[in-house]
Amino acid sequence: MEEDKRVCLGAIVGVHGIKGEVKVKSFTEVDTDIDKYGLVENKKGDKTYSIKVTGHSKELLRVKIKGVDDRNLAETLVGTEFYVNKAALPETQEDEFYHADLIGLKVIEKSSKKEVGKVEGVYNFGAGDILELKVKATNRLEMIPFTKQYVPEVNVKEGYIIVESAIMNFAPEEAEEKVADEG
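Given the structure is predicted, the values throughout are model-derived calculations rather than measurements.

(A) Layout of the overall build of the protein. Tallying secondary structure elements over the protein gives three helices and 13 strands in all. The buried share of the protein, reckoned over its 183 residues, is 37%. Contacts spanning at least 24 positions in sequence make up 50% of the contacts within the protein whose residues lie at least 6 apart.

(B) Structural context of a nonpolar patch on the surface. A cluster of nonpolar residues, Y123, F125 and M143, forms a patch on the protein surface that exposes about 330 Å² of accessible area. Within the fold, Y123 resides in strand β9 (residues 115–124). Take Y123: its relative accessible area is 30%, and that puts it in the partly exposed class.

(C) Quick look at unusual backbone geometry. Positive phi, normally seen in glycine, also occurs at K113, with a value near 60 degrees. Looking at where K113 falls in the secondary structure, it is placed in the loop between β8 (106–109) and β9. Given the relative accessible area of 66%, K113 is considered exposed. Even without glycine at this site, N139 takes up a positive phi of about 60 degrees. Following the sequence through the fold, N139 ends up in the loop between β10 (129–135) and β11 (140–145). When its relative accessible area of 54% is taken as the criterion, N139 is described as exposed.

(D) Representation of the nonpolar core within the structure. By size, the foremost hydrophobic cluster in this structure holds 20 residues, and its most contacted members are V24, I34, I51, V63, I65 and F82. For this core, the secondary structure elements donating two or more residues are β1 (6–16), β2 (21–26), β5 (51–57), β6 (60–65) and β7 (81–85). For F82, the residues in contact, after removing those within four places along its chain, are V7, C8, L9, G10, I12, V24, I34, V40, E41, Y49, I51 and I65. Within the second largest apolar cluster, 13 residues are counted, among which are V116, I144, F146 and V151.

(E) Representation of the sheet that holds β8 in the model. Ordered by their spatial adjacency, six strands build an open sheet running β11-β10-β9-β8-β13-β12, and the pairing between neighbours is mixed. The sheet is open, and its two borders are formed by β11 and β12 (153–155), each paired with just one other strand. The sheet shows a mean angle of 35 degrees between the axes of neighbouring strands, taken without regard to direction.

(F) Representation of the side chain of S26 within the structure. Secondary-structure assignment places S26 in strand β2. Accessibility expressed as a relative area gives 12% for S26, which makes it buried. Among the polar contacts listed, one links the side chain of S26 to the side chain of T28, at a separation of 2.8 Å. At a separation of 3.1 Å, a polar atom in the side chain of S26 contacts the main-chain carbonyl oxygen of D31. For S26, the contacting residues outside a window of four places in its chain are L9, G10, D31, I34 and L61.

(G) Just the pairing of β5, in detail. Alignment of β5 against β6, held across six bridges, turns out to be antiparallel. Of the residues in β6, the one forming a bridge with H56 is L61. Between β5 and the antiparallel strand that follows it, β6, lie two residues; K58 among them carries a positive phi value of about 60 degrees.

(H) Geometry of the side chain of E132. Locating E132 in the fold gives a position in strand β10. The buried charged residue E132 lacks any salt bridge partner; its closest oppositely charged side chain belongs to K134, at an N-O distance of 9.2 Å. Polar contacts involving the side chain of E132 include one to the side chain of Y123, which spans 3.0 Å. Discounting residues that sit within four places of it in the chain, E132 has contacts with K118, V119, E120, G121, Y123, L141, E142 and M143.

Reading the values: the criteria
- Residues numbered from 1 in each chain as written.
- Predicted model: local features only at pLDDT ≥ 70, side-chain atom pairs only at ≥ 80, totals over all residues.
- Heavy atoms only, no water.
- Helix = DSSP H or I, 4+ residues; strand = E, 2+ residues; numbered from the N terminus.
- Buried < 20%, exposed > 50% of the residue type's maximum accessible area, 1.4 Å probe, protein only.
- Contact = heavy atoms within 4.5 Å.
- Patch = residues over 30% accessible without salt bridge, like charges linked within 9 Å, V, L, I, M, F, W, Y side chains within 5 Å.
- Areas by Shrake-Rupley, 256 points an atom, 1.4 Å probe, with all protein chains shown as cover.
- Salt bridge = Lys/Arg side-chain N within 4 Å of Asp/Glu carboxyl O.
- Core = buried A, V, L, I, M, F, W, Y, C linked by side-chain atoms within 4.5 Å.
- Pairing = 2+ DSSP bridges.
- Axes fitted to C-alpha atoms, helices over the stretch in contact; angles between N-to-C directions.
- Polar contact = N/O pair within 3.5 Å; in protein donor to acceptor, adjacent residues only side chain to side chain.
- Lys, Arg positive; Asp, Glu negative; His and termini not counted.

Listed below in structure tokens is the structure:
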């Protein structure tokens, strides 16, 4: 299955107990919905898993994988990411986006209307979504809050986002001056 047609729902980050349960970091909006989309597959797409959420272990989910009945086998799966076909997910509402749809979008500066980079990643450390952008002029990664104030427009169909000009330094000469001043 093509990578851009799949979405990562979560990843196994540890094991729980001796009966094969795993601890999963869920990337779904409602963490316990991770088992609502049918069979999941690994990143390569060569293995499928039937999963069932059994509870919580602190901020992680406890998940039972069909056929994994002991801790040793569960430990071999740590690091496995769970993917589903994007078609299995519900349609997004207006101003709602899947992280996978944002990665790779062109970044257009609002004032100049020039392409200044691309979206490299989307993160949430607990205080809201953050976009990681690769700035063309400096080849550096920058992070900005993913809010209307900083990103007033997102157009997934056309493949771009608009960012406010005042939030980042897009000029290479200014970036070089900053580095020189700090040294």
